[in-house]
Number of protein chains: 2
Amino acid sequence: MAASATHAIVHELYDAYERRDFERVAAVIHDDIDWIIYGPVLVFPFAGPRRGRNDVLKALAAVAESYVVESYKREVIIIEGDRAAVMSDASFRQRATNRMLRFRIANFLRFQDGRLIEFREFINSFDVVEQALGHELKI
Amino acid sequence: MAASATHAIVHELYDAYERRDFERVAAVIHDDIDWIIYGPVLVFPFAGPRRGRNDVLKALAAVAESYVVESYKREVIIIEGDRAAVMSDASFRQRATNRMLRFRIANFLRFQDGRLIEFREFINSFDVVEQALGHELKI
């Protein structure tokens, strides 16, 4: 896949996610996607590895069940061939408490046949857990 | 900066870090670097923002004081113009306990005048804190 095609699909994917158009997001996800959000599943049940489009959509639905995407600003986008890396500044509102969580997100993406086939997400999970719980962790 | 030049300098930087050639690492760092490792400073005193070459070298020295880089494998490298994103599989040995910490690292880099001017590092910090402390965090 050429970088220009990757560029278009990356923006389509993030635009759709930002406006909560999950149908469009779903359309860009490959049937056989290999997906990991790195984070503790005890606090974020939607974290961890997922395989296949259906399981990824369930994870995204679980995010949406607990959090509202308030903003998701792409700060850096790096594209080479069929791969992309995206660093974003995101704010999520926790539905249960109305608390706002704000943190940076680092994504590594790979596309195949015009769809997302590999996805890795990094956050400063220690900090985001503290924000989600509303108190500092004891160390 | 062309992608080919960025490619060469990225590999030079990571090769030097992997073989612990901190003089060579230092030579590739811009005087005015803007640097953040996202993580809790209570557990990782070398984390957080740093500005300027001198402070970054002190942070790297602080990492080396507590940890030995046992392996640092680049798994994904994405380069576009003067920017790069690198995902690595790293193992660090904690000097105080000989415990091995293993985790993935996501780096976003930007180069200027052939040197690293901007650096952001993401890890699954909740998990890495647990590995560093040798016990699970209470949530």
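All values derive from a computational prediction rather than experimental measurement. Starting from 1, residues in each chain are numbered consecutively following that chain's sequence as written. Chain labels run from A onward and ligand labels from 1 onward, assigned in the order the entries are written. At least 70 in pLDDT is required for a residue's local features to be given in this predicted model, at least 80 for side-chain atom pairs to be given and counted, and no such filter applies to totals for whole chains, interfaces and linings, which use all residues. Heavy atoms from the whole structure form the basis of all side-chain values; hydrogens and water molecules are not counted.

**Q** Quick question: what am I supposed to make of the relation of the copies chain A and chain B here?
**A** These two copies of the chain differ by a rotation about an axis and a displacement along the same axis. Least-squares fitting of one copy onto the other uses the C-alpha atoms of those residues that reach a pLDDT of at least 70 in both copies. With an axial shift of 0.0 Å and an RMSD of 0.0 Å, the rotation relating chain A to chain B amounts to 180 degrees. The transformation just described matches what one would write down for a two-fold rotation axis. For chain A, the residue whose C-alpha comes nearest the rotation axis is Phe126(A), separated from it by 2.0 Å. When the interface residues of chain A are mapped onto chain B, 100% of them again fall at the interface, so both copies present the same face. Only heavy atoms matter for contacts: two residues are in contact if any of them lie within 4.5 Å across the pair.

**Q** I keep staring at the interface of chain A and chain B and nothing clicks. Help me out?
**A** A common way to express how large an interface is: the accessible area buried when the components associate. Opposite the 32 residues of chain A that make contact, chain B presents 32 residues. The term buried area denotes the loss of accessible surface (1.4 Å probe radius) that occurs when two parts are joined, taken as the sum for both partners. Note on chain A versus chain B: buried area summed over both sides is about 2700 Å², and carbon and sulfur give 75% of it. The term polar contact refers here to a pair of N or O atoms within 3.5 Å; inside protein, the definition further demands a hydrogen-donor-capable atom paired with an acceptor-capable atom, and it admits residues adjacent in sequence only when both atoms are side-chain atoms. Viewed at the interface, chain B and chain A are joined by seven residue pairs in polar contact (both at pLDDT 80 or more). For the side of chain A that touches chain B, the elements supplying multiple residues, two or more each, are strand S3 (67–80), strand S4 (83–94), strand S5 (100–112), strand S6 (115–123) and helix H4 (125–133) of chain A. Helical segments are the DSSP runs of H or I of at least four residues, strand segments are the runs of E of at least two, and each set is numbered from the N terminus.

**Q** It is not clear to me how the nonpolar core should be interpreted in this structure. Could you clarify?
**A** In summary, soluble globular proteins display a tendency toward joint burial of nonpolar side chains. By convention a nonpolar core is built from buried Ala, Val, Leu, Ile, Met, Phe, Trp, Tyr and Cys residues, the set being connected through side-chain atoms within 4.5 Å. When accessible area is computed with a 1.4 Å probe and restricted to protein chains, residues below 20% of their type maximum are described as buried, those above 50% as exposed, and intermediate ones as partly exposed. Counting 82 residues, the largest nonpolar core has Phe44(A), Phe92(A), Leu109(A), Phe44(B), Phe92(B) and Leu109(B) as its most contacted members. In contact with Leu109(B), not counting residues within four places along its chain, are Leu13(B), Tyr14(B), Asp82(B), Arg83(B), Ala84(B), Val86(B), Leu116(B), Glu118(B) and Phe119(B). One finds Met87(A), Phe108(A), Tyr38(B) and Ala85(B) within the second-largest nonpolar core, a separate group that totals 18 residues.

**Q** Where do I start with the packing of aromatic side chains in this structure?
**A** Here a ring pair, both rings aromatic, is described through the centre-centre distance and the interplanar angle of the planes. Here the aromatic set is Phe, Tyr and Trp, taking the six-membered ring for Trp, and pairing holds for ring centres within 6.5 Å; pairs whose planes are under 30 degrees apart are stacked, those over 60 apart are edge-to-face, and all others are tilted. In total, this model carries 21 aromatic pairs over all chains according to the counting rule given. Here a set of aromatic residues connected by ring pairs shows up, and it is made of Tyr14(A), Tyr17(A), Phe22(A), Tyr72(A), Phe92(A) and Phe103(A).

**Q** Would you explain helix H4 (residues 125–133) of chain B in this entry?
**A** Since the α-helix turns once every 3.6 residues, residues separated by three or four places project in the same direction. Of all nine residues making up H4(B), seven are buried, and the element is well covered by its neighbours. A positive phi of about 80 degrees marks Gly134(B), the residue just after H4(B).

**Q** What am I meant to see in the environment of Val43(A) here?
**A** Note on placement: Val43(A) falls in the loop between strand S1 (29–37) and strand S2 (48–51). Considered as a pair, Val43(A) and Ala3(A) are 40 residues apart in the sequence and their alpha carbons are 36 Å apart.

**Q** Could you clarify how one ought to interpret the sheet that holds strand S1 (residues 29–37) of chain B in this entry?
**A** Sheet strands line up and pair through hydrogen bonds in the backbone, either parallel or antiparallel. All names here are of chain B. We call two strands paired when DSSP finds no fewer than two bridges between them. The strand order S2-S1-S6-S5-S4-S3 describes an open sheet built from six strands, whose pairing is mixed. The outermost strands of the open sheet, each flanked by one partner alone, are strand S2 (48–51) and strand S3 (67–80). Averaged over all pairs of adjacent strands, the angle between their axes in this sheet comes to 20 degrees, without regard to strand direction. As paired elements, S1 and strand S6 (residues 115–123) share five bridges and run parallel to each other. To define axes, lines are fitted to C-alpha atoms, for helices over the stretch in contact only, and angles between the resulting N-to-C directions are given on a 0 to 180 degree scale.

**Q** Honestly, the sheet that holds S1(A) in this entry has me stumped. Any pointers?
**A** Residues and elements named next belong to chain A. The six strands lie next to each other as S2-S1-S6-S5-S4-S3, forming an open sheet whose pairing is mixed. A strand with exactly one partner marks an edge of an open sheet, and here the two such strands are S2 and S3. Across the sheet, the axes of successive neighbouring strands diverge by a mean angle of 20 degrees, strand direction being ignored. Two elements, S5 and S6, share eight bridges in a ladder whose sense is antiparallel. Residue pairing in the sheet places Gln 112 in a bridge with Arg 115 of S6. In this fold H4 packs onto S3, S4, S5 and S6, with an angle of close to 135 degrees to the strand it touches most, S5.

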